[in-house]
Amino acid sequence: MNSWLVIFVFSIMAYSISNHFVYAHGPFHLYDKIREIAEKIHSNLGELFGCMICFPTWVGFILSALNSLLLPTIALTPFMVLIGSAAPWWVLMILDGFFASGAAWLINTVQEALERSNTNEQ
């Protein structure tokens, strides 16, 4: 699979998953309920579910761990593509988490800027 495609799909996926948990209401307000439960468990956990820098980091960790542990021969994350078996799975997981955070934050920032410019034009 083309490495740029893997990186692009991973970035969009990390953003999309994070966007759902941080901003969406969901059917039957499912995501709202998840955020409320997280806040009840601990205020820091509630804060995690409200942060578009923090949450994607964990999404990246999980996606990377799943790739490394379940499909280690198929590169489905950016650092699995870039350095693959040259590093242990936990190093790839950390790097993919940071990549997911940066990619999701960048996409979110561009989206918010476009929304602001669209509001200003009307």
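None of these values were measured; they are calculated from a predicted model.

(A) Structural view of the environment of A75. Within the secondary structure, A75 sits in the loop between α4 (54–70) and α5 (78–82). Of the residues examined, A75 reaches a relative accessible area of 28% and is grouped as partly exposed. Along the chain, A75 and A38 lie 37 residues apart, while their C-alpha atoms are 32 Å from each other. Apart from residues lying up to four places away in sequence, A75 is in contact with V6, N67, M80 and V81.

(B) Representation of helix α1 (residues 3–23). Between its first and last C-alpha, α1 extends 30 Å over 21 residues, near the 30 Å set by a 1.5 Å rise per residue. For α1, every residue scored as buried is listed here: V6, I7, F10, S11, A14, Y15, S18 and V22. The buried residues of α1 all sit within an arc of 155 degrees when viewed along its axis, so they share a single face.

(C) Expanded view of helix α2 (residues 30–41). Here α2 is 12 residues long and its end C-alpha atoms lie 17 Å apart, about the 16 Å a rise of 1.5 Å per residue gives. Taken residue by residue, α2 has Y31, D32, R35 and A38 as its buried positions. The buried residues of α2 all sit within an arc of 125 degrees when viewed along its axis, so they share a single face. Pointing more than 90 degrees away from the buried face of α2 are the exposed residues I37, K40 and I41. Each element contacted by the buried residues of α2 is listed here: α1 and α3 (43–48).

(D) Local environment of the packing of α1 against α4. The contact between α1 and α4 brings their axes to 9 Å, and the two run at 125 degrees. One way to sum up the angle between α1 and α4 is to call them oblique. The two elements α1 and α4 cross, and the hand of that crossing is right-handed. Each of F10, M13, A14, I17, S18, F21 and V22 in α1 lies in contact with α4, whose residues at this interface are F55, P56, V59, G60 and L63. Considered class by class, the residues forming the contact of α1 with α4 number 10 nonpolar, 2 polar and no charged.

Parameters at a glance
Here, residues in each chain are numbered from 1, in the same order as that chain's written sequence. Reporting of local features is limited, given that this is a predicted model, to residues whose pLDDT is at least 70; pairs of side-chain atoms are given and counted only at 80 or more, and all residues count toward the totals for whole chains, interfaces and linings. Calculation of side-chain values draws on the structure's entire complement of heavy atoms; hydrogens and water are dropped beforehand. Strands here are runs of E lasting at least two residues and helices are runs of H or I lasting at least four, both read from the DSSP assignment and numbered beginning at the N terminus. The rule is simple: take the accessible area with a 1.4 Å probe, protein chains only, and divide by the maximum for that residue type; under 20% is buried, over 50% is exposed, in between is partly exposed. Contact between two residues is taken to exist if any of their heavy atoms lie within 4.5 Å; hydrogens are not considered. Expected helix span is computed as 1.5 Å times (number of residues minus one). Working definition: the arc comes from the directions between the helix axis and the C-beta atoms, pointing outward to the latter. With axes taken as lines fitted to C-alpha atoms, and helix axes fitted only over the stretch in contact, angles between N-to-C directions fall between 0 and 180 degrees. Roughly parallel here means an angle under 35 degrees, roughly antiparallel means over 145, roughly perpendicular means 65 to 115, and every remaining angle is called oblique. Should the near helix be turned counterclockwise from the far one by less than a right angle, the crossing is left-handed, whereas a clockwise turn marks it as right-handed. Note on residue classes: Ala, Val, Leu, Ile, Met, Phe, Trp, Tyr, Cys and Pro are nonpolar, Asp, Glu, Lys and Arg are charged, and everything else, Gly too, is polar.

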